[in-house]
Amino acid sequence: LFDSVELAPRDPILGLNEQYNADTRSNKVNLGIGVYCDDQGRIPLLKAVRQAEIAQTEAAAARGYLPIDGIPGYNKGAQTLLLGKNSALVAEGRVLTAQTLGGTGALKVGADFLRRLLPGSKVAISNPSWENHRAIFENAGFTVDTYAYHNAATHGLDFEGMLAALDKLPTQTVVVLHACCHNPTGVDPTLDQWRKIANVVKEKQLVPFLDIAYQGFGEGLEEDASVVRLFAELGLTMLVSSSFSKSFSLYGERVGALTLISASREESTRVLSQLKRLIRTNYSNPPTHGGTVVSMVLNTPELYALWTQELTSMRERIRAMRIQLVEKLKTHGVKQNFDFVLAQRGMFSYSGLTSAQVDRLREEHAIYAINSGRICVAALNSRNIDYVAEAIAKVL
Ligand code: PLP
Ligand code: TYF
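By the naming in an unreviewed UniProt entry, the protein goes by Aminotransferase and is assigned to Paralcaligenes ureilyticus. UniProt lists a comment for the protein under the heading Sequence similarities (unreviewed entry), and it reads "Belongs to the class-I pyridoxal-phosphate-dependent aminotransferase family." What UniProt states about the protein under its Subunit (unreviewed entry) heading is, verbatim, "Homodimer."

Assigned secondary structure in the protein consists of 16 helices and 13 strands. Its C-alpha atoms give the protein a radius of gyration of 21 Å, within 12% of the compact-globule value 21 Å for 396 residues. Here the C-alpha coordinates of the protein stretch approximately 65 × 55 × 55 Å along the principal axes. Among the 396 residues that make up the protein, the fraction classed as buried is 45%.

As a further point, take the site of ligand 2. Near ligand 2 the following residues occur: Asp11, Ile13, Leu14, Ile33, Gly34, Trp130, Asn132 and Asn183. Considered class by class, the residues forming the shell around ligand 2 number four nonpolar, three polar and one charged. In this structure, the shell around ligand 2 is formed jointly by two domains, domain 1 (12-45 + 303-395) and domain 2 (52-301), each of which donates at least three residues.

Now for the site of ligand 1. In the neighbourhood of ligand 1, the contacting residues comprise Gly34, Gly102, Gly103, Thr104, Trp130, His178, Asn183, Asp211, Ala213, Ser243, Ser245 and Gly256. Considering every element that reaches the shell around ligand 1, the biggest residue donor is helix α5 (residues 102-117), with three residues. Broken down by class, the residue content of the shell around ligand 1 amounts to two nonpolar, nine polar and one charged.

Counting 108 residues, the largest nonpolar core has Val175, Leu210, Val228, Val297 and Met347 as its most contacted members. Tallying contributions element by element places helix α13 (residues 301-331) first for this core, with eight residues. Among the domains, domain 1 (12-45 + 303-395) and domain 2 (52-301) are the pair contributing at least three residues each to this core. Residues in contact with Val228, not counting those within four places in the same chain, are Leu82, Leu83, Ala179, Leu210, Ile212 and Val240.

This part takes up the packing of α5 against helix α6 (residues 131-139). Close contact between α5 and α6 brings their axes to 9 Å; oriented N to C, the two are set at 35 degrees. Pair α5 / α6 crosses with right-handed handedness. Residues Thr104, Leu107, Lys108 and Ala111 of α5 form the contact with α6, whose participating residues are Asn132, Ile136 and Phe137. Grouping the amino acids of the contact of α5 with α6 by side-chain chemistry returns four nonpolar, two polar and one charged.

Turning our attention to the sheet that holds strand β7 (residues 174-178). Taken together, seven strands build an open sheet; the order of strands is β2-β10-β9-β8-β7-β3-β4 and the sheet is mixed. Edge strands, defined here as strands with exactly one partner in the open sheet, are β2 (95-101) and β4 (144-148). Across the sheet, the axes of successive neighbouring strands diverge by a mean angle of 25 degrees, strand direction being ignored. Here β7 runs beside strand β8 (residues 207-212); their pairing, made up of five bridges, is parallel. Residue pairing in the sheet places Val176 in a bridge with Phe209 of β8. This element, helix α3 (residues 72-83), spans β2, β9 (238-243) and β10 (255-261) of the sheet and lies at about 115 degrees to β2.

Glancing now at the environment of His155. Tracing the backbone through its elements, the reader meets His155 in the loop between β5 (150-151) and β6 (156-157). Through-space distance from the C-alpha of His155 to that of Gln172 is 31 Å; in sequence the pair is 17 residues apart. Apart from the residues within four sequence positions on either side, His155 is in contact with Phe340, Tyr350 and Gly352.

Mapped onto the present numbering, the UniProt feature "domain: Aminotransferase class I/classII large" (unreviewed entry) falls on residues 27-392. Across residues 27-392, helical content stands at 46% and strand content at 15%; the span's end C-alpha atoms are separated by 15 Å.

This part covers the domain arrangement of the protein. Buried accessible area, meaning the area lost when the parts come together, often serves as the stated size of an interface. As far as domains go, the protein holds domain 1 (12-45 + 303-395) and domain 2 (52-301). Taken over C-alpha atoms, the centre of domain 1 sits 26 Å from the centre of domain 2. Each partner contributes to the interface: domain 1 provides 28 residues, whereas domain 2 provides 28 residues. Residue composition of the side of domain 1 that touches domain 2, by class: 18 nonpolar, seven polar and three charged.

What follows is about the environment of Gln193. Considering the arrangement of structural elements, one finds Gln193 in helix α8 (residues 191-203). For the pair Gln193 and Leu163, spaced 30 residues apart in sequence, the C-alpha to C-alpha distance is 9.3 Å.

Of all the positions in helix α16 (residues 385-395), only Val388, Ala389, Ala391 and Ile392 are classed as buried. Along the long axis of α16, the arc covered by the buried residues comes to 165 degrees, so they all point the same way.

Our next topic: the pairing of β10. Within β10, seven of the seven residues are buried, leaving the element largely enclosed by the surrounding structure. In β10, alternate side chains face the same way, and those of Val255, Ala257, Thr259 and Ile261 on one face and Gly256, Leu258 and Leu260 on the other are all buried. Bridge count between β2 and β10: seven bridges; the pairing is antiparallel. Among the inter-strand pairings, Thr100 is bridged to a residue of β10, identified as Gly256. Where β9 and β10 come together, six bridges link them in antiparallel fashion. When the bridges of β10 are listed, Ser242 appears paired with Ala257.

Parameters and conventions
- Residues numbered from 1 in each chain as written.
- Chains lettered and ligands numbered in written order.
- Predicted model: local features only at pLDDT ≥ 70, side-chain atom pairs only at ≥ 80, totals over all residues.
- UniProt positions renumbered as here; feature names shortened; annotations may be inferred.
- Helix = DSSP H or I, 4+ residues; strand = E, 2+ residues; numbered from the N terminus.
- Rg over C-alpha atoms; globule rule 2.2 N^0.38 Å.
- Buried ≥ 20, exposed ≤ 12 C-beta atoms within 10 Å, placed from the backbone.
- Near = placed C-beta within 6 Å.
- Nonpolar A, V, L, I, M, F, W, Y, C, P; charged D, E, K, R; others polar.
- Domains from an automatic or database assignment.
- Core = buried A, V, L, I, M, F, W, Y, C linked by C-beta atoms within 7 Å.
- Contact = placed C-beta atoms within 7 Å.
- Axes fitted to C-alpha atoms, helices over the stretch in contact; angles between N-to-C directions.
- Left-handed = near helix turned anticlockwise from the far one by under 90°.
- Pairing = 2+ DSSP bridges.
- Arc of directions from axis to C-beta.

The structure is reproduced here in C-alpha cells:
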C-alpha cells in the first residue's frame, strides 16, 4: 500500500529544531525556531497562566466536549483583544469567532472556507513570509503568489513595491498580511503606510486575511491591534487569525482563534454555520485545557493585569536584547551598521547574514539560525549574547 509514498521534505524551521536537539555540543544556541525564552534560556510558564491552571485544577471540572466553535468567553476575549472593549462591530453582531488549534488552525479553517467560497481566487503572501503560509493555502487548494515586501538593500520595507504589487492583484485575491511583528523579517509598515495599504485593498476589492501571531510583542496589546482596527474602520469584510501561543507562552496547548468580520448579523449567522461544518468534519471541536486557561486570564481582571505585565516584560526583554546585540557587535569589531535591528519588532530579525554565514555559525559555533538569515532575538539572553555576537563577528 505504501510502496509509492515519497519522503516529504522537512519543515525548514521545525526540521532545524530537530537538528538542534540532536546536537551534543554544550555551548549550542537555538536562534532558529520562533519561541520566546527568558533570561535563563527557558520557555516561561507565565504566573497568570499558572494561577489559572491551579484554579482550574481545584475546580476539578468535567471534560465534556466543547461547542464546535469553542468556549464563548474565549472567543469574546479574542474579539476584545482585536477590536477593543467597546467595538461597535461586535455590538452589531458582525464579528464571529471560533476557537482554533493555534493560529495555524485558524489559518487552515479560514483557508478551507475561502477555497469553497472563492474557487477562482489566488492567494498572495508577502515575500518573504512564514513558510507555513504558502503550505497551508496550497494544501487547501489555492495557487499562492507573493507580493513585494522586504528590501534587502535597506533592510527595511519595500513599500513602493508592495503597494504596486497589491495594486496589480485581481479582484478577490486573498491577501495574507502580518498585522504586526512580521515573521520572518521583523519589518512592519508604519501606521501611515498601513492606511495606504488598506486603501488599495479596499479599492481593488481584495480579501484581507490578517495574521496576528505576536500581539503584544511589538508596541503593546492595543497598539499592535491598530492594523486590525484600521481595516475594520474602513468597513472591510475580512478574516483574522489570532495565535496566543507566544503571548501566553502556551505553544503546545494550541490556542488560537479565527475571527471573521461580516456585513451584518444575519450574514454572520450563515458564515458561522459553515465554519462549524468545516470544523466538525475536521477535528470536531477544540480541546478544553488551553482554551479554559486563556479564557480565565482574559476574563478575570487580576489575572489579565498580571498577564499584561508579564507580556510587557517579555517585550522589553527582547528590546533590550536588540540593543545589546547591536552594541556587542560593535565591541567585537563589526564595522557594518546593524542599527536596522533596533527598528525591527517582535521576536525576529532578518539579520542580513548569508546562508553560507548561517552554515558557519552552526558548524563552527553551534549557533542555529534559519538559512534566510532570520534569527530569533527572543532566544538571546545575558549568558549567550556575548558568545553569539562574537561568533557573528567571526563569520561576517
Ligand atoms: N502565523 C505566524 C506569522 C507565525 O509566526 C506563527 C507561528 O507559529 C503562526 C501563525 C502559528 O501560530 P501557532 O503556533 O499558534 O499555530
Ligand atoms: O516561525 C517560527 O519559528 C514559529 C514556529 O511549521 C513555527 O512560527 C515554525 C514552523 C512551523 C510551525 C511553527
